[in-house]
Amino acid sequence: MTEAINYTHIIVGVDLSDDCPTVIRRAAAIARTCEAKLTLAYVLEPIAFAYGGDMPVDLTGVQEQQVQKATADLAALAKSTSYPIQQQHVLVGQPAAELHYLAEQENADLIVVGSHGRKGFALLLGSTPNSVLHGATCDVLAVLVKKQTGAE
């Protein structure tokens, strides 16, 4: 006997790349089947992380501009699916940790992220989907996004 999967709240972690509509469509199809709430989330790493926190300059204004642009880009991306996006979050922090925290706060039972199918060291050392998988308290789906080639 198989147990039916019935997700109630799906969070889609996006990176605002050209691949996002594919990932969102896959999550929307699952949400439609389960009649689940669908949330988009983008995590912006703090500017200080890029400079190791050693910059003597206040970058707060620049970070706020990045958040505003990301908010606008996320709103535009939300229009890429006919399924209603009920929430949109732009978070600042480490992507996996922020997605884990958001999923717990929102009682989400599935996190969907895109993956480019990296192998070897690229997968071990820097893959966001891999990081989201480890430490998640709910299911995680990595949607494989294949790069388009000229032959297709």
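See above for the structure.
The following refers to the structure shown. (Residues numbered from 1 in each chain as written. Predicted model: local features only at pLDDT ≥ 70, side-chain atom pairs only at ≥ 80, totals over all residues. Heavy atoms only, no water.)

1. Some words on the overall build of the protein chain
Selection rule: A run of H or I in DSSP counts as a helix once it spans at least four residues, and a run of E counts as a strand once it spans at least two, with each numbered from the N terminus. Each residue is placed in one exposure class: buried if its accessible area under a 1.4 Å probe, protein chains only, is under 20% of its type's maximum, exposed if it is over 50%, and partly exposed if it falls in between. When checking whether two residues touch, look at their non-hydrogen atoms; a contact exists if any pair is within 4.5 Å.
Across its full length, the protein chain carries six helices and five strands. The order of helices and strands in the protein chain, counted from the N terminus, is β-α-β-α-α-β-α-β-α-α-β. Looking at the protein chain as a whole, 36% of its 152 residues are labelled buried. Of the contacts formed within the protein chain by residues at least 6 apart in sequence, a portion of 76% connects residues at least 24 apart.

2. A short note on unusual backbone geometry
One non-glycine residue, L16, adopts positive backbone phi at about 65°. Counting through the fold element by element, L16 comes out in the loop between β1 (9-14) and α1 (20-34). Residue classification places L16 among the partly exposed residues on the basis of a relative accessible area of 27%. If you check the backbone angles, N107 has positive phi at about 55° while not being a glycine.

3. Quick notes on the pattern of salt bridges
Put simply, the rule reads: A pairing counts as a salt bridge when a side-chain nitrogen of Lys or Arg comes within 4 Å of a carboxyl oxygen of Asp or Glu.
Using the criterion set out here, one finds one salt bridge in the structure. The salt bridge partner of D73 is K69, with a shortest N-O separation of 2.8 Å. You can see D73 and its partner K69 sitting in helix α3 (residues 60-78), four residues apart, about one turn around the helix. Residue classification places K69 among the exposed positions, given a relative accessible area of 52%.

4. So, the sheet that holds strand β4 (residues 110-115)
Condition: The rule for pairing is simple: two strands pair if DSSP sees at least two bridges between them. Only the stretch in contact is used when fitting a helix axis, every axis being a line fitted to C-alpha atoms; angles between N-to-C directions are given from 0 to 180 degrees.
One open sheet accounts for five strands, arranged β3-β2-β1-β4-β5; its pairing is parallel. The sheet is open, and its two edges are formed by β3 (87-92) and β5 (139-144), each paired on a single side. When the angles between neighbouring strand axes are averaged without regard to direction, this sheet yields 25°. Looking at chain direction, β1 and β4 are connected through four bridges and run parallel. The partner of G13 across the bridge, within β4, is V113. In this fold α1 packs onto β1, β2 (37-44), β4 and β5, with an angle of close to 175° to the strand it touches most, β1. Seen against the sheet, helix α4 (residues 95-105) touches β1, β2, β3 and β4 and runs at an angle of roughly 150° to β2.

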